[in-house]
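# Residue-level structure breakdown
Listed here are the chains, written in short residue letters.
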Amino acid sequence: MEKISNFTGIAAPLKLSNVDTDQIIPAVFLKRITKTGFEDGLFANWRQKEDFVLNQEPYQNASVLITGSDFGTGSSREHAVWALKDYGFKAVFSSKFADIFLGNSGKQGLIAGVISEADTEKLWRLIDENPGVQVEVDLPSQEIRLGAEVVSFDIDEYTKLRLTEGLDDIGITLQNEAAIAAYEAKRESWKPKTLPAKGV
Amino acid sequence: MSNKPLTLAEKLWRDHLVVKGENGAPDLLYIDLHLIHEVTSPQAFDGLRLAGRDIRRKDLTIATEDHNTPTADIHLPIADATSRVQVQALRDNTAEYGVRIHSLGDKNQGIVHVVGPQLGLTMPGLTVVCGDSHTSTHGAFGALAMGIGTSEVEHVLATQTLPLQPFKTMAINVEGTLRPGVSAKDIILAVIAKISTGGGQGYVLEYRGSAIRALSMEGRMTICNMSIEAGARAGLIAPDQTTFDYLKGRPHAPEGADWDQALADWSDLVTDDGAVFDKEVFIDADTLDPFVTWGTNPGQGVSLMDSVPDPESFSDPSQRAAAQKALDYMDLKAGTKMKDIQVDTVFLGSCTNARIEDLRAAAEIIEGKTKAPNIRMMVVPGSAKVRLQAEAEGLDKIFKDFGADWRFAGCSMCLGMNPDQLAPGERAASTSNRNFEGRQGKGARTHLVSPMVAAATAIRGTLSAPADLEQ
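Residues numbered from 1 in each chain as written. Chains lettered and ligands numbered in written order. Predicted model: local features only at pLDDT ≥ 70, side-chain atom pairs only at ≥ 80, totals over all residues.

## Thoughts on helix α2 (residues 42-51) of chain B
All names here are of chain B. Inspection of α2 places P42, Q43, A44 and F45 among the buried residues, and these make up the whole buried set. Looking at the buried positions of α2, the neighbouring elements they touch are α3 (81-97) and α5 (150-159). Directly after α2, the chain includes G52, whose backbone phi takes a positive value near 65 degrees. (Buried ≥ 20, exposed ≤ 12 C-beta atoms within 10 Å, placed from the backbone. Helix = DSSP H or I, 4+ residues; strand = E, 2+ residues; numbered from the N terminus. Contact = placed C-beta atoms within 7 Å.)

## Focus: the nonpolar core
Residues and elements named next belong to chain B. By size, the foremost hydrophobic cluster in this structure holds 158 residues, and its most contacted members are I187, V346 and A362. With eight residues, helix α6 (residues 184-195) is the single largest residue contributor to this core. In this structure, A362 is in contact with L348, P451, M452, A454 and A455, ignoring residues within four places of it in sequence. (Core = buried A, V, L, I, M, F, W, Y, C linked by C-beta atoms within 7 Å.)

## Notes on the interface of chain B and chain A
Each side of the interface is counted separately: chain B has 71 residues, and chain A has 53 residues. The greatest single-element share of the side of chain B that touches chain A, amounting to six residues, is contributed by α5(B).

## Digging into the sheet that holds strand β3 (residues 33-36) of chain B
Residues and elements named next belong to chain B. Strand order in the open sheet formed by five strands is β5-β4-β3-β6-β7, with parallel pairing between adjacent strands. With partners counted over all chains shown, the strands left at the sheet margins are β5 (100-102) and β7 (144-147), one partner each. Here the strands of the sheet are splayed against their neighbours by 20 degrees on average, with no regard to which way each runs. (Pairing = 2+ DSSP bridges. Axes fitted to C-alpha atoms, helices over the stretch in contact; angles between N-to-C directions.)

## Description of the confidence of the model for chain B
Mean pLDDT over chain B works out to 97, with 99% of the residues at or above the 70 mark. Reported for the predicted complex are a pTM of 0.97 and an ipTM of 0.95. (pLDDT = per-residue confidence, 0-100.)

## Digging into the sheet that holds strand β15 (residues 345-348) of chain B
Residue and element names in this part refer to chain B. Sheet architecture is open: five strands sit in the order β17-β16-β15-β18-β19, paired in parallel fashion. Strands at the two margins of the open sheet, each flanked by one partner only, are β17 (405-406) and β19 (445-448). Two strands pair when backbone bridges link them, and strand β18 (residues 427-430) and β19 are joined in this way by four bridges, in the parallel orientation. When the bridges of β19 are listed, A429 appears paired with H447.

Have a look at this one:
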């Protein structure tokens, strides 16, 4: 995975709470078997409305999303993260993320940083005062910088390490081969096996 | 081993620990059962192929087709080209890697969360994962079961383990006796309305109390299924005699000495006296009404006896804004009695409520009654086996005589991914799990209900409780 440290980009304000993954990408877009090309599905229903934030000129090229609480609830679809990334987003900030979305983001190199509700409101206000303003996202120092303003964000230490070092999860786990094999050797014999198939 | 009293969730975690994480690293847990379907797996298989990796434990992996599959004319090729390609990709991938699959037309095909339990693969004391958030369903057996993303699907295929940060624990205590016409679905809708869609975030929920103990396995699955709608990745119910009776004799249930050993091991799968939950919630079953949603997230629910709430009644500004947005989308006015809301479609199906008991409950109410003329009713069994069993019991005839559409198994109208969708602006009473904007089709409006409320609604044409039929 690509190493991530800091970047600068346009921040878009999505002033909604409880944005579920069906809104981030409706199910009809989940039929593809590739891992890319999901940008057209991002907020597909909302983008049909002219006044939706990503249809406003300065935000069409946004790479940072500042959103309300409970972002990414509902379906486990990792396509939500792929769609955000394919559109060009590199970081999403909210006061609260759904667990599965948070995990999926970490696997795909999308920064999902937790900021306070007060800081969410502050960033929305600053962006409204200066639409299209560039913000700097600094992962190592966990800071969002907008002009003279600095907002710090939370991210799980281990996820941060994996993102900054570009580590591959499966590769890390496979270093524990001996421990996995030892666990398997003492698994209970009553535990089910799918093969050979029964009840067919 | 220490003698500290543990919760059920903590015991399951302890029993599956392969490597304890250090310095903030997650724990590595072993996965006993991996369920796969066509939507969230193709990119995982691609990842394996790219890295030249094999599946570590094909014998702990099983696939079925459910999200994209049609529920009518299933002998024909899938009409939608992209759906057909995705289902074919699952067939090709499982053939290439030697994974067991139950395809459309097979008697074991169905919604992945119905198939696992009915084969006896889901059992107490397991870790169960699937690239689907409603994997929490399997927690009804006292298993630690959770939905995962596609990267994690690939991780489990390659390693049969998952790195996970420990969860907090929350007890949902439901004491008392449900009144007639009130069911497991009403309990979980009331729980979500109480703790909100984010209330369970970071927690494993354990449902406890006399009202939970009194539920069948089907009812327990309905409750655990919607744990994710409260933000929790997993929900649990301690196994008991009801669980063991359900399992005994199923195709993959342990036999002989293994069964005896399993029973002995499962007897420890309870929260110890004195164990402390990080949070506790209490629900009174005695006074619970049938519950329905009015908005566009599952936490926006009220008693069926209540009215559509006024957004101004919410003190939290973001909740107030969300309520107003929901009413606009749902085309509802504050103060309208829930029972005055007229619907177009009644959907009885989904991994929440499409097991045999759900079909029986609805059939009992509609038998000999007349469907409201404005209503289209679809009944979609959770699996091909459930359909066969319902037909053996004559339930299909009751539904067809009533004027309902009797379908083949699949996710169907729960999500707008297959041919079963609502038209823009159409309103449904649905036994599924999500009332999100556009979930059942673009512009569609969803009220989440129990199978009994669905049946009564199909008769009266407006959201109704079974008790309304007696007046």
